[in-house]
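The primary structure of each chain is shown beneath.
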Amino acid sequence: GAHLRPVGPRVKFAGWARTVACMDTYHVDDDPYGTEIAAIDSILPGEVVVVSTGGSKRNAPWGELLSTAAVARGARGAVVDGLVRDVRRIQELGFPLFAAGMKPVDSKGRGLVMAYNVPVDCGGVLVAPGDLVFADLDGVLAIPAAVIHDAVRLATEKATRENHSRDELRRGAYLRDVYKKYGVL
């Protein structure tokens, strides 16, 4: 979603989606962290953790300890469509993270991880386990696993046309002529 922002100045990553589904709660569950712990411990090297909160602002389910565990498991970053906490510690750790905002409260009694490695809605985008997730200062992109090859081919073709356009514009060509030739802006 367009409302998700990098948490820090040098946030850039790509990897396969490891999804986590959260929901708001209004009581302390008998096992408030069991599924959350299992989800984080299941992360494989090269994955991006994609946390769906339904856009909740009730709690901040992601913080320093989950970031530390994710780094140890080999995660490349995380995307949280809700709030996060412990931002300074996460930045010191160097863990790249996108989120909707910050709030200094954890999830106990406020939210619960219900499932992981299932399709989720993160920021209004359906993300399934194994989808390819890219994130940089321009935002977050998830490419469904079934169309990765076509998406990469089309993106490479467009980037090539953009590179040619940039070269000609730097040499003084008019934008209208370059656009007519390459069809990209």
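Keep in mind that this is a model prediction, so the values were computed, not measured.

Draft legend 1. Quick look at the environment of Arg161. Here Arg161 shows up in helix 4 (residues 148-170). The residues touching Arg161, leaving out its near neighbours within four places in the chain, are Tyr182 and Val184.

Draft legend 2. Structural context of the pattern of salt bridges. In this structure the tally under the stated criterion is six salt bridges. Its salt-bridge partner being Glu47, residue Arg18 comes within 2.9 Å of it at the nearest N-O pair. With Arg18 in strand 2 (residues 13-24) and Glu47 in strand 3 (residues 47-52), the pair connects residues that are 29 residues apart, well separated along the chain. For Arg18, a relative accessible area of 8% puts it in the buried group. Note that Arg85 is salt-bridged to Asp86, the shortest N-O span being 3.9 Å. A cluster of three or more residues bridged by salt bridges with shared partners is formed by Asp150, Arg153 and Glu157.

Draft legend 3. Structural detail: the nonpolar core. Counting residues in hydrophobic clusters, the biggest one holds 21 residues, and the most contacted among them are Val49, Trp62, Val84 and Leu97. For this core, the secondary structure elements donating two or more residues are strand 2, helix 1 (34-41), strand 3, helix 2 (64-73), strand 4 (77-80), helix 3 (87-93) and strand 6 (97-99). What Val49 contacts, discounting residues up to four positions off in sequence, is Arg18, Val20, Ile43, Trp62, Ala75, Gly77, Ala78 and Val79.

The rules we used
- Residues numbered from 1 in each chain as written.
- Predicted model: local features only at pLDDT ≥ 70, side-chain atom pairs only at ≥ 80, totals over all residues.
- Heavy atoms only, no water.
- Helix = DSSP H or I, 4+ residues; strand = E, 2+ residues; numbered from the N terminus.
- Contact = heavy atoms within 4.5 Å.
- Salt bridge = Lys/Arg side-chain N within 4 Å of Asp/Glu carboxyl O.
- Buried < 20%, exposed > 50% of the residue type's maximum accessible area, 1.4 Å probe, protein only.
- Core = buried A, V, L, I, M, F, W, Y, C linked by side-chain atoms within 4.5 Å.

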